[in-house]
Amino acid sequence: MRESIGPRIRILVACALAAAACDRGTTKSDDASAVGGSIIIAMQNEPRSLLPPLINQIDEKVVEDQIFEPLAWLGDEGHLDRDYRPGLADSWSWERDSTAIVFHLNPKARWQDGPPVRASDVRFTFGLYADSVVGFKDRSSLARIDSVTARDSVTAVFWFKNRYAEQFYDAATRLLILPEHLLAREPRATMLTSTFGRQPVGSGRFRLGKWTPNASIELLADTANYHGRPNLDRVVFAVTDVNSLSTRLTTGEIDLAEVSTPAVFRTASAQPDLRARMNPAYDYSFLLFNARQRKQRRQPNALFADVGLRRAISMGLDRGKLVRSQFDSLAIVSTGPMTRAQPLADSTIRTIAYDSAGAARLLDSLGWTLPAGKTVRERRGQPLKFSVLVPTVSANRMTMIVAIQESLRKLGMEVVVDAVDGNTFVGRLGARDFDVVFDGRHVEPSVSGLRAFWSVASARDANGQNYGNYENPRFDAHLDSALAARDLASARPHATQAFETIVADVPAVWLYETRTAMLMHKRIRPVHLVSTAWWAGLADWSIPAAERLPRDRVGLRVASR
Amino acid sequence: MRRFLARRLAHGAAVIFIAASLSFLLVHLAPGDPFSSTLDSAAISPSVKAAWRAAYGLDRPLLEQYLRFLGQLARGDLGPSLLQPGPASAALAGAVPNTLVLMGTALILSFVIGIGVGSWQAARAGSGGDRVAGNASLVVASLPEFWLGAVLLLVFALRFRVFPAGGVVDLVMHDSLSPAGRVLDRLRHLALPSLTLALLGSASIARYQRAALLDVLPQDFIRTARAKGVSDRLVLWRHALRNALVPTIVLLGLSLPTLLGGAVFVEQVFSWPGLGRLAAAAFHARDYQVVIGATIMGAVLVVAGGILADLLHAAVDPRVRAQ
Amino acid sequence: MTDALRAPNAAPAPSAAAGVATGEPLLSISQLTKYFPIRRGLFGREAGAVRAVDGVSLQVGRGETLGIVGESGCGKTTLGRCILRLIEPTSGQIHFDGIDVRALDPASMRRLRRRMQIIFQDPFSSLNPRMTVGAIVREGLTIHKLAAGAEADNRVRQLLEEVGLRPEYASRYPHEFSGGQRQRIGIARALAVEPELIVCDEPVSALDVSVQAQVINLLQDLQRDRGLTYLFIAHDLSVVEHIATRVSVMYLGKIVELASAADVYREPVMPYTQALLSAVPVPDPAASRERIVLTGDVPSPANPPSGCVFHPRCPHPAKDAACTVIVPPLEEKAPGHVAACIKQPPTTVPWHAQQQAGATRQPERHLPLAAITHGVSP
């Protein structure tokens, strides 16, 4: 770690800036014909609040990223250690020891209600995100930022406790900068119901037009924006039930939707007016074994403390077939606690192959034998029977658990499906009150989240998220080495070793990575389809004048707030 | 009549009070709370959640919360929503009109269709047409709302594209339309959801109406009317229907609860931002105050339906009015 | 058989004894028949028919009151309704004031209804419970465009007064009235259109005995004042006695005896009429007498007995096998007095014909004491 990644980034940033300038030059190039249009995007879950630190689901992020801005945007390629576009900051520099990053805000930046954006707003925003009572979910990712100071009115400095590979990512992209003048007096424990969350004011190129609860959120072009107005007049997010999504896409009531259901994808992608594009997967699901007794961390689990049994279950499931039959092309078989879209993911590591006969032999050798005339294996009179906790809110998991139950029945195991509602599920997961749970994770491009879910420290913390009590110090060591590496190339061998370790320990059966397909009306010309965030460049999307629909020609009326 | 009304209103108030109290108890006893309602929220530490509960007064003993709730309710206030800014009543105020429009239209349509079909059948009871209509109404009455809704959606929104598939208005175009265009836009969006509810309701109304007319038609006063020289059509409309409407009209009030239940499903199918969708979302998120408010609205509708049934009964039947 | 039935009515110039007013009859029906099909099974296959009215012929003169008497189920009510085409007859002719009633289209029929009205038996169910008395009486006026507006209101008040009700009752509903008052409303309603013929379908049988006489008197007063013609249907002879000029007796859809009221009460010919008369209550409680008790029930009109339909219950001493074979013609037994019985002399069915049909007993005149000692009004 002799060399910081600072200089490298700075060079890249210069290039990016130039590129962005050209980019904006073309879209803005007084090409009046590019301006105009209204698109309607399906939204499955209506946000409770549009206050960025309270982000709860992806639908909120899509909207908030239009109204608010980070200091910098992750570039189109999604590489964490290079490739950023300017956001609120139009340039940045590293302090010599790489423990501080200086962001130079665009001096023309203004809030949508008038006042200029200041470095003090950045400092205030960090304070808000970092305040535990506000409830920012990824607060742990800010743990290594010591403080944020305002060097002058347009210069904000992020001070770090130590150097690490993803410093820039954490500082520049995680925080959407908020207006201090509107939020300073808001009580922090009740931010969730703050009026600001329903009437957000940011510095982004779209501003909130009209929010009709249960129906739609309308964003309008902020014509006075310091970056220049967006091409589109209007983006409407329509709250759409998954059951009517296919119909509304087909009839053209919806222009764009992320689709995760194979049936909807098949119907909609057959429409001549729609273009389909696969998004990379950032979600993986797995059957997680509890290494300890339910709710009791001291006792090893009677069944699943045994790696042999865990391995046998994994061998007994034909994951390829399970995934294909349920998801078609909208999921792939998972290889470990990662998705292939993550830069550090290594899908070449050895995984447990499907081997039904091998699983049976392994079970026999472990003493789980099938008594004559019975269908369930026993060991010392104890039947091989366990329950799997499944949340009823997840249709995918509810469907797949039935197929899994059937596969394991053939191997002589009796699986009881313990289906519970979302609230109960979260409660029991947190209390580690289960033997096996059908769980899922959303990941970021960074693999830093692995620590929260699989480290020894997290297992021993009663509030930690290592619900299955997986403990292997060797995994922690490899992971720490990977996270501390100065760049991706040097991090990769450590990450691979970490993955190999955890996969060999079989703390879970890695089932599938779901990905979504994006369906978009063909008149829309998108740009900056960043692999992690297709919506990042929405303000520069356009609709050619010749292809406009009546709704594109409505124009930009002034909506009453 | 006035005393009767006063008694019914008092009775209704008691029902609403009980419904409010029960729903208060049930939502608070249901597992989870507003801050544990999503799968990911385990990321927020219990101490933070405890701070939130304290900030919203949810850490107080249930009895204390209940008394506070009653105090608010007595002032006509539901208290603040736990998940969005502003009072819970504001959230309801946005949704209730949509549901009332849907239910009102469906109610009118279902009675027009039901009384029309039932009367048509009764006028030719026993004929082939009567049997076909009778069997058809039996089939329709036993369909689930969401299924019929989905079929109408497939046929009229997807196949023939005559009506939009969801929502109350065109999300982009509505505000730029002329006043008449806006009304038409609303009607186009209202068509499929209200028709779904209306068809289901009309099936049973038609059966009621047919039976009621068949009870009335053989009576002497119908013969009296014909003997006077009143034409067959007038006999049906002025003499028979007015008497046969009594059981059907009473059904009008009593069908409100069923209609509300159906609206909950139909609102989901057609993305209709009404009380049903609001209640489902609020319950999912454990937004206590909104759930209770929605329950109260439901109870009000049921009580109002009962009173409406009595008033209508009195309006069409002079014998009841006298009492 | 048809000849025999037609004979008495076709007989020219009904005698004064039969009480027919002079001139053309106002109502004339011949061979009127109403069969109600009996449907069975899933597809409504016609499995037979109820012969509710079976070839009835009669005439009613202007200003006359013809009583029609019979047990319930004999078809008298159906006959009344068929005449007004409230029920469509199966066959036969109806002439009202020379108009072929059955040939009229619906609109003309409705216009004709102004001239022929009906008063129903049940004063409770025959008034629309959802209309005010005023509206009920008024409807006929407006339908036939006899009066409108204030004039119609005046007419309604007049009519109510005429039937003995207070004019202000017009704004009340039927359920507020007693049975007798309601029947008066029914009469006012029928009178509203100024009809010439009123079919009174058992107008008093649902009323208390105490009010029956009042209503009968009202009907008689109205007949006198307005020159009305009544077809008065009743199930017991005592009511008809007070009002009818002529009486016809019906049994199983057929007329079995027809004569002036005085003749019928003095000298009933048909054994069935005799039995009916014996059942009329005696006004003097001290006077006791024998009753002719008919055995068995009224046979089903869907499956009437062969020959004389009355033969299974007939108490005539000369009843024999011929009664079960020969359909008795409705024939004149005395001037203006027709009856259907081959065992009451004189008869047009000769003895040898009866013997061929298995007769063993000669016709003989039979008039039991019970049938005539009930105290015919002086």
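Residues numbered from 1 in each chain as written. Chains lettered and ligands numbered in written order. Predicted model: local features only at pLDDT ≥ 70, side-chain atom pairs only at ≥ 80, totals over all residues. Heavy atoms only, no water.

A. Representation of unusual backbone geometry. Residues and elements named next belong to chain C. Cis geometry is adopted by the peptide bond preceding Pro346, which originates at Pro345 and carries an omega value of -5°. Tracing the sequence through the fold places Pro346 in the loop between strand S12 (337–339) and helix H11 (351–356). The residue Leu252 is not glycine, and still its phi comes out positive at about 50°. For Leu252, the position within the fold is in the loop between strand S9 (246–251) and strand S10 (254–260). (Helix = DSSP H or I, 4+ residues; strand = E, 2+ residues; numbered from the N terminus.)

B. Spatial organisation of the interface of chain B and chain C. The interface is formed by 23 residues belonging to chain B together with 25 residues belonging to chain C. Taking both sides of the interface into account, the surface hidden between chain B and chain C amounts to around 2300 Å²; carbon and sulfur atoms contribute 52%. On the chain B side of the interface with chain C, the three residues burying the most area are B:Arg223, B:Ala227 and B:Lys228, jointly 26% of the side's total. Connecting chain B to chain C are three salt bridges. In this structure, B:Asp220 and C:Arg81 form a salt bridge, with 3.8 Å as the shortest nitrogen-oxygen distance. One can count 15 residue pairs in polar contact (both at pLDDT 80 or more) joining chain B with chain C. (Contact = heavy atoms within 4.5 Å. Buried area = accessible area lost by both parts, 1.4 Å probe. Salt bridge = Lys/Arg side-chain N within 4 Å of Asp/Glu carboxyl O. Polar contact = N/O pair within 3.5 Å; in protein donor to acceptor, adjacent residues only side chain to side chain.)

C. Summary view of the sheet that holds strand S6 (residues 145–152) of chain A. All names here are of chain A. Strand order in the open sheet formed by four strands is S4-S5-S7-S6, and the pairing between neighbours is antiparallel. Both outer strands of the open sheet, strand S4 (89–94) and S6, are each paired with one neighbouring strand and no more. Taking the axes of each pair of neighbouring strands and ignoring which way they run, one obtains an average angle of 20° across the sheet. Where S6 and strand S7 (residues 155–160) come together, six bridges link them in antiparallel fashion. The partner of Thr149 across the bridge, within S7, is Val157. Sheet strands in contact with helix H3 (residues 119–130) are strand S5 (100–105), S6 and S7, and its direction is about 165° off that of S6. (Pairing = 2+ DSSP bridges. Axes fitted to C-alpha atoms, helices over the stretch in contact; angles between N-to-C directions.)

D. Representation of the interface of chain B and chain A within the structure. At the junction of the two partners, chain B supplies 48 residues and chain A supplies 50 residues. Surface buried jointly by chain B and chain A totals about 4000 Å² across both partners, of which 60% is contributed by carbon and sulfur atoms. Where chain B meets chain A, there are two salt bridges. The salt bridge involving A:Asp421 is made with B:Arg286; its shortest N-O contact spans 3.2 Å.

E. A look at a nonpolar patch on the surface. Residues and elements named next belong to chain B. On the surface, Phe146, Trp147, Val264 and Phe265 cluster together to form a nonpolar patch covering roughly 390 Å² of accessible area. Going through the elements one at a time, helix H6 (145–159) and helix H9 (232–269) are the ones with two or more residues in the nonpolar patch. Looking at the element boundaries, Phe265 is found in helix H9. What makes Phe265 partly exposed here is its relative accessible area of 40%. (Patch = residues over 30% accessible without salt bridge, like charges linked within 9 Å, V, L, I, M, F, W, Y side chains within 5 Å. Areas by Shrake-Rupley, 256 points an atom, 1.4 Å probe, with all protein chains shown as cover. Buried < 20%, exposed > 50% of the residue type's maximum accessible area, 1.4 Å probe, protein only.)

F. Spatial organisation of the sheet that holds strand S21 (residues 436–442) of chain A. Residue and element names in this part refer to chain A. Read across the sheet, six strands follow the order S16-S22-S13-S21-S19-S20 without closing on themselves; strand pairing throughout is mixed. Single-partner strands in this sheet number two, and they are strand S16 (331–333) and strand S20 (414–420). Going across the sheet, the axis of each strand differs from the next one's by a mean of 25°, ignoring polarity. Two strands pair when backbone bridges link them, and strand S19 (residues 385–391) and S20 are joined in this way by seven bridges, in the parallel orientation. Among the inter-strand pairings, Phe386 is bridged to a residue of S20, identified as Val415.

What is shown is where atoms sit, not what they do.
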